[in-house]
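Topology and contacts: notes
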Amino acid sequence: MINIKIEGVPYQVKEGLTILEAAKACGYEIPSLCAFNHGECNSGSCRVCLVEATGARGLVASCVYPVSEGMEIRISTPKAVEARRRSVELLLSNHNQNCQQCDKNGKCELLHVANITGAREGAFAGEKTEVFYDDVAPALVRDTSKCILCGRCIARCANAHGLGILGFENRGFHTIVAPAENRSFADSPCIQCGQCVTVCPTGALMEKSEIDKIDEAMRAGKHVIVQAAPAVRASLGEEFGYPVGTPVTGKMIAALRRLGFERVYDVNFGADLTIMEEGTELLGRLTKGGVLPMITSCSPGWINYAEYNYGDLLPHLSSCKSPHQMQGAIIKSYWAQQKGIAPEDIFVVSIMPCVAKKFEKEREQEKVNGIPDVDAVLTTRELARMIRRSGMLFNRLPDEDWDQDIMGDYTGAGVIFGVTGGVMEAALRTVYFKLTGKEYGKIVFEEVRGHDAGIREASIDINGTVVNVAIASGMKSASVLLDEIRAGTSKYQFIEIMGCPGGCINGGGQSYVRPAFLPNEEDDILDTYKEKRAKALYSEDERQVIRQSHNNPQIKELYEKFLGEPNSHLSHELLHTTYAAREGFND
Ligand code: FES
């Protein structure tokens, strides 16, 4: 510990902290923009965090300047206050000012610091940098008129995936953030995971909203059916003031019903179906000499990465579609048949923690007879926007239950799909049963649990058959396992890969975790939010009476009455897909 003074008051703080971190620990919020997540991005470029400190010449950027023994820090001198205000005014002078049309409104960090520094638009009028707007890709929108060149997106893409899709292009006043040569995301090897969106402080990077498509389908009198993924319930509450990781399943269902959806289903049913198909596929590969290790295929960010970077390993990927695509295919076939509705008159909406699902639903290989399984994908954030515009007071909604007809049952195995390691655990519960005829005694496979990026591994002995498994989330970790397969040194039979670090609970479409907007959370919320959201899903698994996919009564009925058996001809037609290697840059 070292001794410092802030505004003349003595404090002891840990050595090695920046002034910004030390001030936070002592109860001061110095405005900041480019600094993010313990130095994940620390470019010191925005100059919004300037303070005075002894030992320094002039003002210093508190986000990069370390504290030292005896340092005296002044945050509120007229010189520091004025400098911070000017820094924000300079950013505003080159910023698109159509805030009322911006989807980031209410969560914009630039507006937040403008507010606390007293910065006013128009203080510096003049020329603006040329604007580029890219909305060609199905999942992402890039609008350079709102970019403040903080570099947080560049850092996140590199840290999560080892990718450098985004970078600084041009020089000086003409600098922008863009894929190489200012190409569209659609013409780059971007995996469309949306991690860059989760860290962007302004509306410069956003998911491509599909709310209008839903309004249009409802106006056209379609049967608009909604299905929500497990991870959404663990994050949606944050949009309405609930503590991070509070499960809000019942209120979310109530909201969806009041928004006008004809049926409200849980994607967990689709997750159970995925396990039946994927578990059977794994067993087939294990017992009949198929390509091993088999790798899970429910994360479209990961699929994009594989197609761009590991085209030679595509036979290792499970052919299973992801749970919401499978469920969409069942809604437009079995459900439609039962209800006597033409598939063309059904409009399926998926609420997802994921941005890449917007891309996935457009893939030709996902369509059945030219009809997409899913017609629109909304992120958790977009659902929150729909709820807000409806005037509903979310926290006053009653807790309601999913529609129970045909696909209302789900198991604990389906719920944990939202956490890294969850698909693996759910699959192991069913594979164990299929191989031994008995349920796995303790239910929980602790070895594969976790909520962070990095690689976890385990060996499971199933009746003398040892299955070596590994789990990775974030492409940086995944590439280690993939390189082993390429080199012929992989010891695994089954690998789970999720695109986003931590899995779907930390998906690119989840609620933004911004300490500045979460005043009631602990200071370390950026370290703990994944764990808190994971707990919400694990506790829902524990509450379920049925916790193995193969015991879901409606799944059994679906196979008896419609699909036949897992991996049947009809299952393959509706529930499985193909992959193809892709070039990274298209001309
Ligand atoms: Fe310190 Fe941007 S937050 S320079």
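Attention in this report is confined to the structure presented alongside it. Here the structure is a predicted model, which is why all the values come from computation and not from measurement.

1. What about the pairing of strand β2 (residues 9–13)?
Bridge count between strand β1 (residues 2–6) and β2: five bridges; the pairing is antiparallel. Along β2, the bridge assignment pairs I4 with Y11. In this antiparallel pair of consecutive strands, β1 and β2, the connection spans two residues, and E7 shows a positive phi of 50 degrees.

2. Observations concerning the sheet that holds strand β6 (residues 133–134)
Read across the sheet, three strands follow the order β6-β7-β10 without closing on themselves; strand pairing throughout is antiparallel. Of all the strands in the sheet, the pair left with one neighbour each is β6 and β10 (205–207). Direction of pairing for strand β7 (residues 140–143) relative to β10: antiparallel, over a ladder of three bridges. From the neighbouring strand, R142 faces β10, where its bridge partner is L205.

3. Here we look at the sheet that holds strand β14 (residues 346–352)
The pairing of strands in a sheet happens through backbone hydrogen bonds and is either parallel or antiparallel. Pairing is parallel across the open sheet formed by four strands, whose spatial order is β12-β11-β14-β15. A single partner strand is all that each edge strand has here, and the edge strands are β12 (263–266) and β15 (376–379). Neighbouring strand axes in the sheet, compared pairwise and without regard to direction, differ in orientation by 25 degrees on average. Sheet analysis places β14 next to β15, joined by four bridges and oriented parallel. Each residue of the ladder has a partner; that of S350, found in β15, is V377. Contacting β11 (223–228), β12 and β14, helix α7 (residues 249–258) runs over the sheet at an angle of about 150 degrees to β12.

4. Observations concerning the packing of helix α10 (residues 323–339) against helix α17 (residues 553–563)
Packing of α10 against α17 leaves a shortest axis separation of 11 Å and a crossing angle of 75 degrees. As far as their axial angle goes, α17 and α10 are roughly perpendicular. From α10, I330, S333, Y334 and Q337 reach across to α17, where they touch E557, L558, K561, F562 and L563. A per-class count over the contact of α10 with α17 returns five nonpolar, two polar and two charged.

Scoring rules and cut-offs
Residues numbered from 1 in each chain as written. Predicted model: local features only at pLDDT ≥ 70, side-chain atom pairs only at ≥ 80, totals over all residues. Heavy atoms only, no water. Pairing = 2+ DSSP bridges. Helix = DSSP H or I, 4+ residues; strand = E, 2+ residues; numbered from the N terminus. Axes fitted to C-alpha atoms, helices over the stretch in contact; angles between N-to-C directions. Contact = heavy atoms within 4.5 Å. Parallel < 35°, antiparallel > 145°, perpendicular 65-115°, else oblique. Nonpolar A, V, L, I, M, F, W, Y, C, P; charged D, E, K, R; others polar.

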